[in-house]
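Results of the structural survey
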Amino acid sequence: MRYDSIVDAIGDTPLVRIDPSVHGLRHIDLYAKLEMLNPFGSVKDRPAWHMARPLLEAAADRESTVVELSSGNTAKALALLAGMHGLRFKSVTNRMRVPEVKDLLLLLGAEIEELPGRSECLDPTDTDDPLTRFHQALSEPGSTYLHTDQYYNPRNVEAHATGTGPEIVADLGGRAPDWFVACVGTAGSSTGVAQVLRASDPSVRVLGLVADKSDFVPGIRTIDEVHQVGLFDPGTYDAIESVTSQEAIDGMLTLIRRCGLLSGPTGGAAYHGAVRHLRGVDAELTGDERRVAVFIVCDRAESYLSYVRSRRPDLLGAPAAAGPSVSALGEAEARETAKAVEADEALEWITGPEPRPLVVDLRGPHAYAALHIAGSVNIVDELFDELVRTGLPFSKSRPVLLACPVGEKSLRYAALLTRLGHPDVRSLAGGIVGWRDAGAPLVRE
Ligand SMILES: Cc1ncc(COP(=O)(O)O)c(C=O)c1O
């Protein structure tokens, strides 16, 4: 294999069968499409190159900066591509939640701008969202940026419709698999591959996987966020199911320890979600009936060690996390246990007679700096999670109002603290967004 440029090594990734003794499916051959073996390390190498390629020459003439709303793999691939073409790269995101990825991007020479926003995806109806404003500015005439626009660019889908999908069909001897399973971030890979597989065989079933409500699996959306993604079309998927961060780590461990595949958490989520779903399909099959399923391993493990450490310290030689954790609380359980207060009631509580509550804002520091409730303190949710175990900076008897973007995380933490014996912890229903929509006052740092 000899190449003139590293970009020629993008694509043609291996399709590797998972040993049936690992997954336990009797009638289904399960294959992993190893997108982590792309040269820049992930499934996003394909769309990054496909989106940037036609624009690079003009960008070099104008000395444009390449820009993308990404906190992960697309940013990594674009930073490398920009560097190869003598251009700067800027990553704009609401929160860099994986420290290794942030460090790697800085090493690659990327500029990182963290802006507050409800999520990394755009909410086109929310014009107050600085990420939305930034996105609009990029599209205005005269913008000097080369904006690849992965959430809306059809070339994101096309990269997979011309690459990943046809490769799967070719490697299966010219036929589409019966099942295709992919995690959904921008929806580019699942949409592009599904198009090609269905053109080959309309009966192909597509399973899309997202992160569980209020949970975090790097690179993919939660069930609530996915509907805000520009390229997402529910018609692409026969089923959409969610995976928790713990399940993603379990799947990742199986791929690493039993299959020799150095997968990151989304590959683990895809494996876990695929096997969980296919167990039901497998149980219906009889005799010598056989089916084929393919899932995507998006990227590698090394960038996610701190993600694993914070959720499963025991895997990295530290004592297992002691005490209850918010990730173990189900949504229904949280609703039953926690008390939620609407914005007007919360405002009365905060401004009324003593004892007034301590208001804890669980959002990222940039979102907090942009707008917050006067007098509130900012403890970002990951840190709050740790403090619940190691010691909170307020006494048990202190009344507390917890606030997050939309009132889901805060509800879980309110339930957790209530269980731990805090007598008066409430969650702000609808979060800071609901508070703002109710016309309640917010201040800027
Ligand atoms: C680690 C990881 N897995 C999965 C995906 C999902 O891919 P897509 O954007 O094609 O839906 C992404 C996308 O950003 C990712 O970074």
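Let me sum up the structure you'll find in this document. No experiment lies behind these values; they were computed from the predicted model shown.

Thoughts on the pairing of strand 3 (residues 65–68)
In regular strands, side chains alternate between the two faces of the sheet. The alternating pattern of strand 3 places T65 and V67 on one face and V66 and E68 on the opposite face, and all of these are buried. Bridging between strand 3 and strand 4 (residues 88–93) involves four bridges; their strand directions are parallel. When the sheet's bridge partners are listed, V66 is paired in strand 4 with F89. Taking the sense of rotation as the criterion, the β-α-β connection linking strand 3, helix 4 (residues 73–84) and strand 4 turns out right-handed. Strand direction decides the pairing type here: strand 3 and strand 6 (residues 145–147), joined by three bridges, are parallel.

Considering helix 13 (residues 343–351)
Along helix 13, the positions that sit buried rather than exposed are A343, A346, W349 and I350. Looking straight down helix 13, one finds its buried side chains confined to an arc of 120°; they lie on one side. Opposite its buried face, helix 13 presents the exposed residues D344, E348 and T351, each directed more than 90 degrees away. On its buried side, helix 13 packs onto strand 11 (339–341), strand 12 (358–361), strand 14 (400–403), strand 15 (425–428) and helix 17 (431–437).

Here we look at the pairing of strand 12
Burial along strand 12 is two-sided: L358 and V360 and V359 and D361, pointing in opposite directions, are all buried. With respect to chirality, the unit in which strand 12 leads through helix 14 (residues 365–370) into the neighbouring parallel strand 13 (residues 377–378) is right-handed.

A short note on the layout of surface pockets
The calculated volume of the second largest pocket comes to roughly 800 Å³. Along the wall of the second largest pocket there are 37 residues; nearest its centre are S310, R311, E382, D385 and Y413. Counting residues per element, the ones that place at least two in the lining of the second largest pocket are helix 5 (99–107), helix 9 (245–259), helix 11 (305–311), helix 15 (381–390) and helix 16 (409–419). At six residues, the largest contribution of residues to the lining of the second largest pocket is made by helix 15. Residues belonging to the lining of the second largest pocket are distributed by class as follows: ten nonpolar, ten polar and 17 charged.

Comments concerning unusual backbone geometry
Omega for the bond connecting E354 with P355 falls within 30 degrees of zero, at 0°, which places this linkage in the cis form. Note that P355 resides in the loop between helix 13 and strand 12. Non-glycine residue E63 carries a positive phi angle of around 55°. Within the secondary structure, E63 sits in the loop between helix 3 (56–62) and strand 3. Take E63: its relative accessible area is 62%, and that puts it in the exposed class. The backbone phi angle of D149 is positive, close to 55°, even though this residue is not glycine.

Re the packing of helix 2 (residues 45–52) against helix 7 (residues 154–171)
Where helix 2 meets helix 7, the closest approach of the two axes is 8 Å, and the angle between their N-to-C directions is 130°. Viewed along their axes, helix 2 and helix 7 adopt a mutual orientation that is oblique. Note that helix 2 runs across helix 7; the crossing there is right-handed. Here R46, P47, H50 and M51 of helix 2 come into contact with helix 7, specifically with R155, N156, E158, A159, H160, G163, T164 and E167.

Points about the sheet that holds strand 12
Across the sheet, five strands lie side by side as 11-15-14-12-13; this open sheet has parallel pairing. Whereas interior strands pair on both sides, the edge strands pair on one side only; in this sheet they are strand 11 and strand 13. Pairing geometry for strand 12 and strand 14, over four bridges, is parallel. Residue pairing across strands places V359 opposite L401, the latter belonging to strand 14. Relative to the sheet, helix 16 contacts strand 11, strand 14 and strand 15, its axis offset from that of strand 15 by approximately 175°.

Concerning a negative patch on the surface
A grouping of E342, D344, E345 and E348 is seen on the molecular surface, where their side chains present a negatively charged patch. Within the element layout of this structure, E342 appears in the loop between strand 11 and helix 13. Of the residues examined, E342 reaches a relative accessible area of 48% and is grouped as partly exposed.

Quick word on the packing of aromatic side chains
Geometry of an aromatic ring pair is reported as the spacing of the ring centres plus the angle between the planes. In total, this model carries four aromatic pairs according to the counting rule given. Both rings, one in F216 and one in Y307, keep their centres 5.8 Å apart while their planes meet at 80°; by these two values the pair is edge-to-face. Of this pair, F216 sits in the loop between strand 8 (205–211) and strand 9 (239–243) while Y307 sits in helix 11, placing them 91 residues apart in sequence. For the residue pair F216 and Y307, the accessibility class agrees, reading buried in each case. Taking the ring centre of F216 as reference, the NZ or CZ of R97 above it sits at 3.9 Å. Positioned above the aromatic ring of W349, the side-chain terminus of R426 is 3.6 Å from the ring centre.

Some remarks on the sheet that holds strand 1 (residues 15–17)
Spatially, 1-2-10-7-8-9 is the arrangement adopted by the six strands of the open sheet, whose pairing is mixed. Whereas interior strands pair on both sides, the edge strands pair on one side only; in this sheet they are strand 1 and strand 9. Each strand of the sheet is rotated relative to its neighbour by a mean of 25°, with strand direction disregarded. Of the strand pairs in this sheet, strand 1 and strand 2 (residues 28–34) are connected by three bridges, and their pairing is antiparallel. Pairing of R17 across the sheet is with Y31, part of strand 2. Each of strand 1, strand 2, strand 7 (179–183) and strand 10 (291–297) touches helix 7; the most contacted strand, strand 2, lies at about 140° to it. Strands strand 9 and strand 10 of the sheet are contacted by helix 9, whose axis makes an angle of about 90° with strand 9.

Examining the site of the ligand
Every one of the 16 residues lining the ligand counts as a neighbour, but K44, G185, T186, A187 and S189 are closest to it. At 3.0 Å from an oxygen atom of the ligand is found a side-chain nitrogen or oxygen belonging to N73. Note that an oxygen atom of the ligand is positioned 2.7 Å from one of the backbone N or O atoms of G185. Relative to its free-state accessible area of 390 Å², the ligand is covered by the protein chains to the extent of 96%. Residues of the shell around the ligand, tallied by class, amount to seven nonpolar, seven polar and two charged.

Rules used throughout
Residues numbered from 1 in each chain as written. Predicted model: local features only at pLDDT ≥ 70, side-chain atom pairs only at ≥ 80, totals over all residues. Heavy atoms only, no water. Buried < 20%, exposed > 50% of the residue type's maximum accessible area, 1.4 Å probe, protein only. Helix = DSSP H or I, 4+ residues; strand = E, 2+ residues; numbered from the N terminus. Pairing = 2+ DSSP bridges. Right-handed = clockwise from strand over helix to strand, strands pointing away. Arc of directions from axis to C-beta. Contact = heavy atoms within 4.5 Å. 1 Å grid on protein atoms, 1.4 Å probe; cavity = no way out; pocket = protein on both sides within 12 Å on 5 of 7 lines; lining within 4 Å. Points joined across faces, edges and corners; volume = space filled by probe spheres on them. Nonpolar A, V, L, I, M, F, W, Y, C, P; charged D, E, K, R; others polar. Axes fitted to C-alpha atoms, helices over the stretch in contact; angles between N-to-C directions. Parallel < 35°, antiparallel > 145°, perpendicular 65-115°, else oblique. Left-handed = near helix turned anticlockwise from the far one by under 90°. Patch = residues over 30% accessible without salt bridge, like charges linked within 9 Å, V, L, I, M, F, W, Y side chains within 5 Å. Areas by Shrake-Rupley, 256 points an atom, 1.4 Å probe, with all protein chains shown as cover. Salt bridge = Lys/Arg side-chain N within 4 Å of Asp/Glu carboxyl O. Lys, Arg positive; Asp, Glu negative; His and termini not counted. Charge placed at Lys NZ, Arg CZ, Asp CG, Glu CD. Phe/Tyr/Trp six-rings, centres within 6.5 Å; stacked < 30°, edge-to-face > 60°. Lys NZ or Arg CZ within 6 Å of the ring centre and 35° of its normal. Near = heavy atom within 4 Å. Polar contact = N/O pair within 3.5 Å; in protein donor to acceptor, adjacent residues only side chain to side chain.

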